[in-house]
Amino acid sequence: MGELRFEELRGEWVDYAIHRQERTFLPSEEHCPLCPTPPGGPPTEIPFPAFEIAVFENRFPAFESPRGAAEVVVYTDRHHDSFATLPPERARALMWVWRARYEELGARGDVEYVLIFENRGVEVGVTLHHPHGQIYAYPFLPPVPAAERAADARLGGCAPCMLLGREIEDGRRIVHENEHVLVYVPRAARWSYEAHVVLRAHRPTLLHCAPAELDALADALQALTRGFDALFERPFPYVMAVHQAPTDTGSVREGHLHVEFYPPLRTAHKLKYLAGSEQGGGVFIADTLPEESAAALREAIGRAG
Amino acid sequence: MPKDTDRQSAGGSPAEHCVPSDDRAPRQDEALSVERHRKADGRLLILYRWVGKDG
């Protein structure tokens with residue numbers, strides 16, 4: 001069981017999950033715990049010879065009942081796939097799995113916020129290469145979604161709706177779009193190739209989306225991640241975070257479903273580090289202009305098809 | 001001192017874009033088949049299989 005401590009100077013929680021020091025670290029493919037269990041072989045985390053999408057409670061949880069939850073979402077039983085290379089119907093199914101987990105975890109009394117995310121690449125600390133994401137169900141509202149709700153209050157309405165309107169009006173930072181979803185590099189992006197994937201209609205959560213919107217979200221996410229891989233013609237590391245309404249308020253309308261990507265690369269071989277200004281002052285120093293990054297990413301998405 | 005000149009000109013009222021929606025999607029069991037298991041150490045394992053929105 002971890003321990004939560006409140007850091008008074010920053011006004012934020014820190015989670016001490018020291019058992020995670022012992023978690024599996026970059027095993028070889030034959031020892032991958034997220035692969036299916038071969039007949040007669042030692043059981044992996046999924047003791048079946050094949051599966052489509054598997055969700056299980058994390059063996060090394062950052063949060064666990066009665067103070068939240070931590071789950072692993074395995075996208076496929078194919079070790080060398082990635083979110084970008086999943087068959088489209090599998091990516092669409094994944095949206096329904098995310099939706100189901102948000103609903104179930106969000107209904108728990110000890111959960112105030114459900115964050116679905118993926119860390120891809122050793123550059124962002126991945127310890128297992130098999131394609132998977134994670135879900136943290138927090139027993140409190142984390143600072144980032146709290147800041148989004150504060151933006152709603154500051155702007156007098158739904159901030160993502162307002163920013164979406166501004167990006168459509170400007171147009172220069174849009175990198176991909178379909179009927180229901182817009183993808184853009186935000187005007188004040190912190191990371192060189194940061195991208196936000198936003199539902200055009202005001203949908204607080206996956207639960208509020210029509211089936212066609214879930215399909216469109218999956219399609220847009222795959223278009224973007226294929227574009228990322230095409231950008232520098234290498235597997236592109238990123239952190240992906242699905243932002244939805246908090247689950248503790250009784251009013252799930254407070255929020256606007258969108259997916260944010262924070263890729264650490266600023267060139268094909270150079271990483272952006274969080275250093276003095278970012279960590280000591282809380283101010284990102286950006287090396288690239290969002291408009292130029294968007295142009296490059298738009299071209300890469302077009303090239304990736 | 002840098003100024004965010006565009007910050008004051010964000011277009012449109014937020015309310016114009018915020019149309020409340022009903023819970024319009026079908027239930028999860030209309031799109032996914034769900035198998036729930038308990039692992040040997042007691043942890044939950046759920047296997048999802050796509051059956052389609054009309055399935």
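All chains use their own residue numbering, which begins from 1 and follows the written sequence. For naming, the first written chain is A and the first written ligand is 1, with later ones following in the order written. Per-residue local features of the predicted model are confined to residues with pLDDT of at least 70, and side-chain atom pairs are confined, for both listing and counting, to 80 or more; whole-chain, interface and lining totals are unaffected and use all residues.

## Here we look at the overall build of chain A
In step 1: Strands are runs of DSSP state E lasting at least two residues, helices are runs of H or I lasting at least four, and both sets are numbered from the N terminus onward. Across its full length, chain A holds six helices and 11 strands.
In step 2: Over its C-alpha trace chain A gives a radius of gyration of 19 Å, about what one expects of a compact globule, namely 19 Å for 305 residues.
In step 3: In terms of overall dimensions, chain A has C-alpha extents of about 60 × 45 × 45 Å along its principal axes.
In step 4: When each of the 305 residues of chain A is scored for burial, the buried share is 44%.
In step 5: Long-range pairs, those at least 24 residues apart, make up 65% of the contacts in chain A between residues at least 6 apart in sequence. The atom set for the radius of gyration is the C-alpha atoms, and the globule formula is 2.2 Å times the number of residues raised to the power 0.38. Put simply, a residue is buried when 20 or more other C-beta atoms lie within 10 Å of its own C-beta and exposed when 12 or fewer do; between those, it is partly exposed, and each C-beta is set from the backbone. By the criterion used throughout, residues are in contact when their C-beta atoms, derived from the backbone, lie within 7 Å.

## Description of the overall build of chain B
In step 1: Along the backbone of chain B there are one helix and two strands.
In step 2: By the burial criterion, 15% of the 55 residues in chain B qualify as buried.

## Considering the pairing of strand E5 (residues 113-120) of chain A
Residues and elements named next belong to chain A.
In step 1: Along E5, six of the eight residues are buried, which leaves the element largely enclosed by surrounding structure.
In step 2: Where E5 lies against strand E6 (residues 132-138), five bridges are found, and the strand directions are antiparallel. Each bridged residue has a counterpart across the sheet, and for phenylalanine 117 the counterpart in E6 is glutamine 134. The pairing criterion is simple: DSSP has to find at least two bridges between the two strands.

## So, helix H2 (residues 143-155) of chain A
In step 1: Across its 13 residues, H2 of chain A extends 18 Å between first and last C-alpha, which sits within 8% of the 18 Å expected from 1.5 Å per residue.
In step 2: Just beyond H2 of chain A, the residue with positive phi is glycine 156 of chain A, at close to 80°. Multiply 1.5 Å by the residue count of a helix minus one, and that product is the helix's expected span.

## Let's talk about the packing of helix H4 (residues 211-231) of chain A against helix H6 (residues 290-304) of chain A
Residues and elements named next belong to chain A.
In step 1: Put simply, H4 and H6 touch, their axes get as near as 7 Å, and they point 105° apart. Accordingly, the angle class assigned to the pair H4 and H6 is roughly perpendicular. From H4, Ala223, Leu224, Arg226, Gly227, Asp229, Ala230 and Leu231 reach across to H6, where they touch Ala296, Leu297, Ala300, Ile301, Arg303 and Ala304.
In step 2: Grouping the amino acids of the contact of H4 with H6 by side-chain chemistry returns nine nonpolar, one polar and three charged. Here an angle of 0 to 180 degrees is reported between the N-to-C directions of two axes, which are lines fitted to C-alpha atoms, with helices fitted over the stretch in contact. Working rule for angles: under 35 degrees goes down as roughly parallel, over 145 as roughly antiparallel, 65 to 115 as roughly perpendicular, anything else as oblique. Just so you know the grouping, Ala, Val, Leu, Ile, Met, Phe, Trp, Tyr, Cys and Pro go in nonpolar, Asp, Glu, Lys and Arg go in charged, and all remaining residues, Gly too, go in polar.

## Considering the sheet that holds strand E7 (residues 174-177) of chain A
In step 1: Reading across the sheet, the 11 strands line up as E7(A)-E8(A)-E9(A)-E11(A)-E10(A)-E5(A)-E6(A)-E4(A)-E3(A)-E2(B)-E1(B) and stay open at both edges, with antiparallel pairing between neighbours. The sheet is open, and its two edges are formed by E7 of chain A together with strand E1 (32-38) of chain B, each paired on a single side. This sheet shows a mean twist of 20° between the axes of neighbouring strands, independent of strand direction.
In step 2: Strand direction decides the pairing type here: strand E10 (residues 238-243) of chain A and strand E11 (residues 258-262) of chain A, joined by five bridges, are antiparallel. Paired with valine 242 of chain A across the bridge in E11 of chain A is valine 259 of chain A.
In step 3: Against the sheet, helix H3 (residues 159-170) of chain A touches E7, strand E8 (181-184), strand E9 (195-199) and E11 of chain A, its axis set at about 70° to E8 of chain A.

## Some thoughts on H3 of chain A
Residues and elements named next belong to chain A.
In step 1: With 12 residues, H3 should cover 16 Å at 1.5 Å per step; its first-to-last C-alpha distance of 16 Å lies within 8% of that length.
In step 2: What H3 keeps buried is the set Ala159, Pro160, Cys161, Met162, Leu163, Leu164 and Glu167.
In step 3: Of the residues one or two after H3, glycine 171 is the one with positive phi, at around 85°.

## Re the environment of valine 197 of chain A
Residues and elements named next belong to chain A.
In step 1: Of note, valine 197 is situated in strand E9.
In step 2: In this structure valine 197 comes out as buried when scored by C-beta crowding, with 23 C-beta atoms within 10 Å.
In step 3: Between the alpha carbons of valine 197 and leucine 224 there is a distance of 8.7 Å; along the sequence they are 27 residues apart.

## Quick look at the environment of serine 65 of chain A
Residues and elements named next belong to chain A.
In step 1: Here serine 65 is to be found in the loop between strand E3 (53-57) and strand E4 (69-74).
In step 2: According to the C-beta neighbour criterion, serine 65 is partly exposed, with 14 such atoms within 10 Å.
In step 3: For the pair serine 65 and proline 139, spaced 74 residues apart in sequence, the C-alpha to C-alpha distance is 9.3 Å.

## Observations concerning the nonpolar core
In step 1: Each nonpolar core consists of buried Ala, Val, Leu, Ile, Met, Phe, Trp, Tyr and Cys residues. Their C-beta atoms, within 7 Å, join them into a set. Counting residues in each nonpolar core, the largest one holds 84 residues, and the members touching the most others are Val97, Ala195 and Leu224 of chain A.
In step 2: When residues no more than four places from it in sequence are discounted, the contact partners of leucine 224 of chain A are His176, Val183, Ala195, Val197, Phe261 and Ile301 of chain A.

## Digging into unusual backbone geometry
Residues and elements named next belong to chain A.
In step 1: The linkage connecting serine 65 with the following residue, proline 66, adopts the cis geometry, with an omega of 10°.
In step 2: Looking at the secondary structure, you find proline 66 in the loop between E3 and E4.
In step 3: If you check the backbone angles, glutamate 233 has positive phi at about 50° while not being a glycine.
In step 4: Considering the arrangement of structural elements, one finds glutamate 233 in the loop between H4 and E10.

## Regarding the confidence of the model for chain B
All names here are of chain B.
In step 1: The predictor reports its confidence for every residue as pLDDT, a score running from 0 up to 100. With 40% of its residues at a pLDDT of 70 or more, chain B has an overall mean of 65.
In step 2: Helix H1 (residues 14-17) is the least confidently modelled element of chain B, averaging 40 in pLDDT, while strand E2 (residues 44-50) averages 95, the highest of any element.
In step 3: Confidence drops under a pLDDT of 50 for residues 8-26, and excluding neighbours within four residues, the segment shows 44 contacts in the predicted structure.
In step 4: Confidence estimates for the predicted assembly give a pTM of 0.91 and an ipTM of 0.93.

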